[in-house]
Amino acid sequence: MTDRYASFVQSAAGRALVKRLGLPDPPRLRRHHPGDPLLAGPALLGAATGGRLAEPIAKILTAAGVELADPAAAAHSHGDAPQRYGALLFDATGITDSTELRQLYDFFHPQARAVLPSGRVIVLGTPPQECPTPREATAQRALEGLVRSIGKEFGRGTTAQLVYVSGTAADDPAHSAGTITSLESTIRFLLSGRSAYVSGQVIRVGSGAASVPADWDRPLDGQVVLVTGAARGIGAALAKVLARDGAKVVALDIPAAGDALAAVANDIGGTAVQLDLTAPDAPTRLAEHLASRHGRVDVVVHNAGITRDKTLGRMDADRWDQVIDVNLSSQERINDVLLERELIPAGGRIISVSSIAGIAGNRGQTNYATSKAGVIGLVDSLAPALRERGISVNAVAPGFIETRLTARIPLVVREAGRRMNSLAQGGLPVDVAETIGWLAWPASGAVSGNVVRVCGQSLLGA
Ligand code: NAD
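Here is what the cut-offs are and how they apply
- Residues numbered from 1 in each chain as written.
- Predicted model: local features only at pLDDT ≥ 70, side-chain atom pairs only at ≥ 80, totals over all residues.
- Heavy atoms only, no water.
- UniProt positions renumbered as here; feature names shortened; annotations may be inferred.
- Axes fitted to C-alpha atoms, helices over the stretch in contact; angles between N-to-C directions.
- Helix = DSSP H or I, 4+ residues; strand = E, 2+ residues; numbered from the N terminus.
- Parallel < 35°, antiparallel > 145°, perpendicular 65-115°, else oblique.
- Left-handed = near helix turned anticlockwise from the far one by under 90°.
- Contact = heavy atoms within 4.5 Å.
- Core = buried A, V, L, I, M, F, W, Y, C linked by side-chain atoms within 4.5 Å.
- Buried < 20%, exposed > 50% of the residue type's maximum accessible area, 1.4 Å probe, protein only.
- Domains from an automatic or database assignment.
- Near = heavy atom within 4 Å.
- Polar contact = N/O pair within 3.5 Å; in protein donor to acceptor, adjacent residues only side chain to side chain.
- Areas by Shrake-Rupley, 256 points an atom, 1.4 Å probe, with all protein chains shown as cover.
- Nonpolar A, V, L, I, M, F, W, Y, C, P; charged D, E, K, R; others polar.
- Phe/Tyr/Trp six-rings, centres within 6.5 Å; stacked < 30°, edge-to-face > 60°.
- Salt bridge = Lys/Arg side-chain N within 4 Å of Asp/Glu carboxyl O.

As annotated in an unreviewed UniProt entry, the protein is 3-oxoacyl-[acyl-carrier protein] reductase from Micromonospora saelicesensis. Quoted verbatim from the Sequence similarities (unreviewed entry) field of UniProt, the annotation for the protein is "Belongs to the short-chain dehydrogenases/reductases (SDR) family."

So this is what it looks like as structure tokens:
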């Protein structure tokens, strides 16, 4: 599925027309290619007085080969050749009272036009529920409004995120090593082209064990990863991205999709499993397959999903049952068996694909939205329960992604869905895949219980 309007806008004739008529202007997004630098220009790092994260962040940036801009020079760069930045990062953990929010204005105001296309804005805070006083919790909660507004204002493919970093993320607050290990994968992901279509998100980084890869271009080296619904669409992109990042991929889909599935598996040197996830014996057959071939599964990606749209009054019970069964109940049954048989080891990951329909609801999709909201419930309930076993549980909630599923939407509705977000375009399957990849990395063990939207900051459910 191609976005012809976006291609037109990026041509010379298109640019002229868009400017003249004030039409939506979807920017070309920077996407990841192995070996790419994380940013297209230097990063400017600021901090509120008394913050605890500026030092670990500076170390992460330096280790990742990002050039750090000199804040003193930035303050005086209003002249003829203003400095441009690949990213603006601000450690707001020192803000303990609403009156101190002014420090955000002082940092971002002079740089509002200094961010390069597909730039990155990251604000770091303390989770409000961890703050010792109501005033601090209030100020930390306020950060969300700033970040979400910057995501809508800066334009040209710039994304903005808030990362709440638990105070317990550091093994020892006096040393930043624990914090660096917990945070590094998230900072790298958010700066890189991997997060091209993720914006306006609040990500929580906790204290789970994380390990740094030998090679950040192969962050999944040696990991056994199951991808359901891998024959096409987002699942096929997932298989490709995860294999590129070093994983051994077990690609699963229904027998009717066997040929397409085999093509995906062959292409990436993975294996194919033909299985209908709703079959009564699917969980045990899958568990036996994984046990005999690999002895374990490090990452389970529940991606398979279906839609059977009708308004509630016109929906037959079959449509309801099928959608709930494929999109939610089958995930629960598979998790139960894999966990019971201890096939997901410590350091394991469970990642489900939800949808913004599960957050916002959608006309004609009561069954689908119920199943996808249930997926969020699964994350909320399983993440704390599995923390002790060292297994993280997260979900992604895609917005409008260019696939066969969205190609079937009537033209006018499709065009509205595609443009109603801060990036004025639909995402690509690879954008969802890259986000799931980051959650899957052994380096992302401190990220659990999150639902990350991959929606270009869609207005739906915002
Ligand atoms: P898709 O229809 O292209 O692919 C889904 C795959 O799941 C298919 O290959 C299908 O055969 C497989 N599948 C369905 N039922 C199965 C079963 N019982 N057992 C095994 N495999 C089964 O869809 P997609 O657009 O790639 O979507 C992937 C996931 O992303 C789904 O969970 C979907 O709900 C979600 N999602 C997609 C979008 C979007 O815009 N495309 C938006 C939000 C969420």
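After that view of the structure, there is still more to cover.
At a minimum axis distance of 10 Å, the contact between helix α8 (residues 233–244) and helix α9 (residues 258–268) shows a crossing angle of 15 degrees. Classified by the angle their axes make, α8 and α9 are roughly parallel. Regarding α8 and α9, the two cross each other, and that crossing is right-handed. The residues of α9 that touch α8, namely those facing Ala236, Ala239, Lys240 and Ala243, are Val264, Asp267 and Ile268.

This part covers the nonpolar core. Counting 68 residues, the largest nonpolar core has Ile57, Leu124, Leu183, Ile187 and Leu242 as the members making the most contacts within it. The greatest single-element share of this core, amounting to 8 residues, is contributed by α8. Shared between two domains, this core holds at least three residues of each, these being domain 1 (31–205) and domain 2 (224–454). Leu242 has contacts with Leu220, Val225, Val227, Ala247, Val249, Val301 and Gly437, leaving out every residue within four places of it along the chain.

To continue, consider the site of the ligand. Residues in contact with the ligand amount to 27 residues; listed here are only the nearest, Arg232, Ile234, Asp253, Asn303 and Tyr368. Within the side chain of Arg232, a nitrogen or oxygen atom sits 2.7 Å from an oxygen atom of the ligand. In this structure, Ile234 approaches the ligand through a main-chain N or O atom, which is 2.8 Å from an oxygen atom. Notes on the ligand: free accessible area 830 Å², of which the protein chains cover 95%. Classifying every residue of the shell around the ligand by side-chain character gives 14 nonpolar, 9 polar and 4 charged.

Summed over all chains, the structure comprises 5 aromatic pairs. Ring geometry for Trp216 against Trp441: centres 5.9 Å apart, planes inclined by 70 degrees, an arrangement best described as edge-to-face. Of the two residues, Trp216 sits in the loop between β5 (201–205) and β6 (224–228) while Trp441 sits in the loop between α16 (429–440) and β12 (451–454), which places them 225 residues apart along the sequence. A network of ring pairs unites the aromatic residues Phe90, Phe107 and Phe108 as a single cluster.

Considering all chains together, one arrives at 20 salt bridges under this definition. Here Asp106 and Arg102 are joined by a salt bridge, their closest N and O atoms 2.9 Å apart. Of the two residues, Asp106 and Arg102 are both situated in helix α5 (residues 102–108); the distance of 4 residues between them amounts to about one turn of the helix. The class for Asp106 is partly exposed, based on a relative accessible area of 40%. Where Arg333 meets Asp325, a salt bridge forms, and the shortest distance between an N and an O atom there is 3.0 Å. When its relative accessible area of 30% is taken as the criterion, Arg333 is described as partly exposed. With a relative accessible area of 23%, Asp325 lands in the partly exposed category. Within this structure, Arg194, Arg244, Asp245 and Glu434 form a network of salt bridges that share partners.

Now for the side chain of Ser354. You can see Ser354 is positioned in the loop between β10 (349–353) and α12 (357–360). You can call Ser354 buried: its relative accessible area is 1%. At a separation of 2.8 Å, a polar atom in the side chain of Ser354 contacts the main-chain carbonyl oxygen of Lys372. Ignoring anything within four residues of it in the chain, the contact list for Ser354 reads Lys372, Val375, Ile376, Val396, Ala397 and Pro398.

Between helix α3 (residues 54–63) and helix α7 (residues 177–191), whose axes approach to 10 Å, the crossing angle comes to 55 degrees. In terms of axis orientation, α3 runs oblique to α7. Note on packing geometry: the crossing formed by α3 with α7 is right-handed. Contacts between α3 and α7 involve Pro56, Ile57, Lys59, Ile60, Leu61 and Ala63 from the first element and Thr179, Ile180, Leu183, Glu184, Ile187, Arg188 and Leu191 from the second. Its residues assigned to classes, the contact of α3 with α7 comprises 9 nonpolar, 1 polar and 3 charged.

Turning next to the UniProt feature "domain: Ketoreductase" (unreviewed entry) in the protein. In this numbering, the UniProt entry assigns the feature "domain: Ketoreductase" (unreviewed entry) to residues 223–399. The span residues 223–399 shows a helical share of 48% and a strand share of 18%, and its end C-alpha atoms are spaced 28 Å apart.

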